[in-house]
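Single-letter residue listing:
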Amino acid sequence: MSKSFTVKDCKNNISLNLKQKKTAQTMHAQDLKTKTTLEFMMSFIKKITMTAFALSFTMCLVPQANAAIITPIITPGTFIGGNGNAGESLASTRYRAFFTSAAQQENFLGIPSLGTAANRVGQDINWGNLTTETFFDFSFQYDKTNDMLISILGNNVLQYTDWSTKLAANTNKTKTASDLNAFQISIGDRSTTSSVRLKSLVLDGISLGDFTGSDTYLDWLVTGPDLNLTDGFILSGQLGLQGTTWPTNPETSVVNLTAGWDARGFSPAQVPAPGAFGLFALGLFGLFATRRFKS
């Protein structure tokens, strides 16, 4: 009985050992598969983490050109360099001589002062009959790519080429194209028999509103923490004119639109886009997950 029991017991032990070995091999294979899967996931998360950090860092550094402008600061009664503040007018267009259809170069464009012929280009505009109020679509643009100022009124187009180069060479200016941070709107309506106004002004997609002259010369200064004129700008709107009798001096009733630098302005803001914060948070999560896995 004892010998028979021992043989049987050995067989059972062998069978049990084989089962345990097989089970151990299966579990080892599963562990290897699980570990491989986790390593793949951690590698993938690590790649996402590095990409998220890189993207968020880049988005924080790159200015979001004018995308964050909410409310521009419009200050009436002052101009670039006015009220004892340092400032320089750097680019301007002027509409003038509303009283006649004769060739008077009714539109100037260039580097202020536009009263100096060497600083500007000009074109003739036929204003027509202004007995009833007439509106003219206009735009004043700085095309940075082509280094050009552009003034458009109706079908009339005026261009001032190589603006930044000429500005840098102008001995009366110390600021350059990279210093643009303020805009000035000026209306001369110094007559009781005529009216000049600007309607529906928009600067780079941001509404500035309406501006009306009042028998005098009025200025408005436009600034803002996110006003980025250095990348180029487009100011558009409508010029409204009405009058039965206009002053014979072409500069008495006039509109000046000017871009420049003012000490009250702001440097172009580098505000991170909202998505940058989300990417940064994703990067932190990925970094935390990889550290937990290693530990």
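A quick note: this is a predicted structure, and the numbers were derived from the prediction, not measured.

Draft legend 1. Structural context of the sheet that holds strand 11 (residues 217-223). Read across the open sheet, the 7 strands follow the order 1-11-8-13-2-3-4; overall the sheet is antiparallel. In this open sheet, the two edge strands, each paired with only one partner strand, are strand 1 (73-76) and strand 4 (120-123). In this sheet, neighbouring strand axes are inclined to one another by 25° on average, regardless of whether the strands run parallel or antiparallel. Here strand 8 (residues 182-189) pairs with strand 11 via 6 bridges, running antiparallel.

Draft legend 2. View of the packing of aromatic side chains. Within this structure, the stated rule accounts for 10 aromatic pairs. Considering the side-chain rings of Phe140 and Phe183, the 6.1 Å spacing of their centres and the 65° angle between planes classify their relative orientation as edge-to-face. Of this pair, Phe140 sits in strand 5 (residues 134-143) while Phe183 sits in strand 8, and the two are 43 residues apart along the sequence. Each member of the pair, Phe140 as well as Phe183, carries the same accessibility label: buried. Ring geometry for Phe183 versus Phe233: centroids 5.4 Å apart, planes at 90°, classification edge-to-face. Residue Phe183 is located in strand 8, and its partner Phe233 is located in strand 12 (residues 233-243); the two are separated by 50 residues in the primary sequence. Aromatic ring contacts, followed pair by pair, group Phe140, Tyr142, Trp163, Phe183 and Phe233 into a single cluster.

Draft legend 3. Main features of the side chain of Asp262. Looking at where Asp262 falls in the secondary structure, it is placed in strand 13 (residues 253-262). A distance of 2.8 Å separates a polar atom in the side chain of Asp262 from the backbone nitrogen of Arg264. Residues within four places of Asp262 in sequence aside, it is in contact with Phe79, Ile80, Gly81, Gly82, Asn85, Ala86, Gly87, Asn181, Ala182 and Leu221.

Draft legend 4. Representation of the environment of Phe211 within the structure. Mapping Phe211 onto the fold places it in strand 10 (residues 206-212). Taking C-alpha positions, Phe211 is 8.5 Å from Ser200, a pair spaced 11 residues apart along the chain.

Draft legend 5. Representation of the pattern of salt bridges in the model. Here the structure, examined in full by the defined rule, presents 5 salt bridges. Salt-bridge contacts for Glu251 lead to Arg96; the nearest nitrogen and oxygen are separated by 2.6 Å. A residue pair is termed long-range when its members are at least 10 positions apart, and Glu251 in the loop between strand 12 and strand 13 and Arg96 in the loop between strand 2 (87-95) and strand 3 (107-110) qualify at 155 residues. A relative accessible area of 7% means that Arg96 is categorised as buried. Across the salt bridge formed by Arg197 and Glu133, the nearest N and O atoms sit 2.7 Å from each other. Here Arg197 is found in strand 9 (residues 194-203), whereas its partner Glu133 is found in the loop between strand 4 and strand 5, with 64 residues between them in sequence. Judged by relative accessible area, which is 25%, Arg197 ranks as partly exposed. For Glu133, a relative accessible area of 29% gives the class partly exposed.

Draft legend 6. Main features of empty space enclosed by the protein. On inspection of all chains with the given rule, the structure shows 2 cavities of 30 Å³ or more. Computed from the structure, the second largest cavity encloses a volume of approximately 30 Å³. What lines the second largest cavity is simply Ala97, Phe98, Phe99, Trp246, Pro247, Asn249, Pro250, Thr252 and Ser253. Of the residues that constitute the lining of the second largest cavity, the class distribution is 6 nonpolar, 3 polar and no charged.

Draft legend 7. The arrangement of the pairing of strand 10 in detail. Strand direction decides the pairing type here: strand 9 and strand 10, joined by 5 bridges, are antiparallel. Across the sheet, residue Leu201 finds its bridge partner in strand 10, namely Gly209. Counted along the chain from strand 9 to the antiparallel partner strand 10, the turn is 2 residues long, and its residue Asp204 has a positive phi close to 50°.

Draft legend 8. Looking closely at the sheet that holds strand 9. Here we have 6 strands laid out as an open sheet, ordered 7-6-5-12-9-10, and antiparallel in their pairing. In this open sheet, the two edge strands, each paired with only one partner strand, are strand 7 (156-161) and strand 10. Each adjacent strand pair in this sheet contributes to an overall mean axis angle of 15°, direction not counted.

Draft legend 9. Quick look at unusual backbone geometry. Omega for the peptide link from Pro112 to Ser113 comes to 10°, which places this bond in the cis form. Relative to the helices and strands, Ser113 is located in the loop between strand 3 and strand 4. A positive phi is found at Asn83, a non-glycine position, where the angle reads about 55°. You will see that Gln105, though not glycine, has its phi angle at about 50°, which is positive. Among the secondary structure elements, Gln105 is positioned in the loop between strand 2 and strand 3.

Rules and cut-offs
- By convention here, each chain's residues receive numbers from 1 onward along its written sequence.
- Thresholds applied to this predicted model are a pLDDT of at least 70 for local features of residues and 80 or more for the giving and counting of side-chain atom pairs; totals over whole chains, interfaces and linings are not thresholded and use all residues.
- In computing side-chain values, all of the structure's heavy atoms are included and hydrogens and water are not.
- Pairs of strands are assigned from DSSP output, requiring at least two bridges between the strands.
- We count a stretch as a helix when DSSP gives it H or I for four or more residues in a row; a strand needs E for two or more, and each element gets its number in order from the N terminus.
- Fitted lines through C-alpha atoms serve as axes, helices being fitted only where they are in contact, and the angles separating the N-to-C directions of these axes extend from 0 to 180 degrees.
- Only Phe, Tyr and Trp rings are paired, with Trp represented by its six-membered ring, and only when their centres lie within 6.5 Å; those with planes under 30 degrees apart are stacked, over 60 edge-to-face, the remainder tilted.
- Here the term buried applies to any residue with accessible area under 20% of the maximum for its type, exposed to any over 50%, and partly exposed to those in between, with areas from a 1.4 Å probe on protein chains only.
- Identification of polar contacts relies on pairs of N or O atoms within 3.5 Å, with a donor-acceptor requirement for protein atoms, meaning one able to donate a hydrogen and the other able to accept it, and with residues adjacent in sequence counted only if both atoms are side-chain atoms.
- By definition, residues are in contact when any of their heavy atoms lie within 4.5 Å.
- One side-chain nitrogen of Lys or Arg within 4 Å of one carboxyl oxygen of Asp or Glu is enough to make a salt bridge.
- Cavities and pockets are defined on a 1 Å grid built over the protein atoms alone: a cavity is a set of grid points where a 1.4 Å probe fits but cannot escape, while a pocket is an open set with protein on both sides within 12 Å along at least five of seven lines, and lining residues are those with an atom within 4 Å of any such point.
- Grid points are joined across faces, edges and corners, and a volume is the space filled by probe spheres set on the points.
- Amino acids outside the nonpolar list (Ala, Val, Leu, Ile, Met, Phe, Trp, Tyr, Cys, Pro) and the charged list (Asp, Glu, Lys, Arg) are all regarded as polar, and Gly is one of them.

Purely geometric numbers; function is a separate question.
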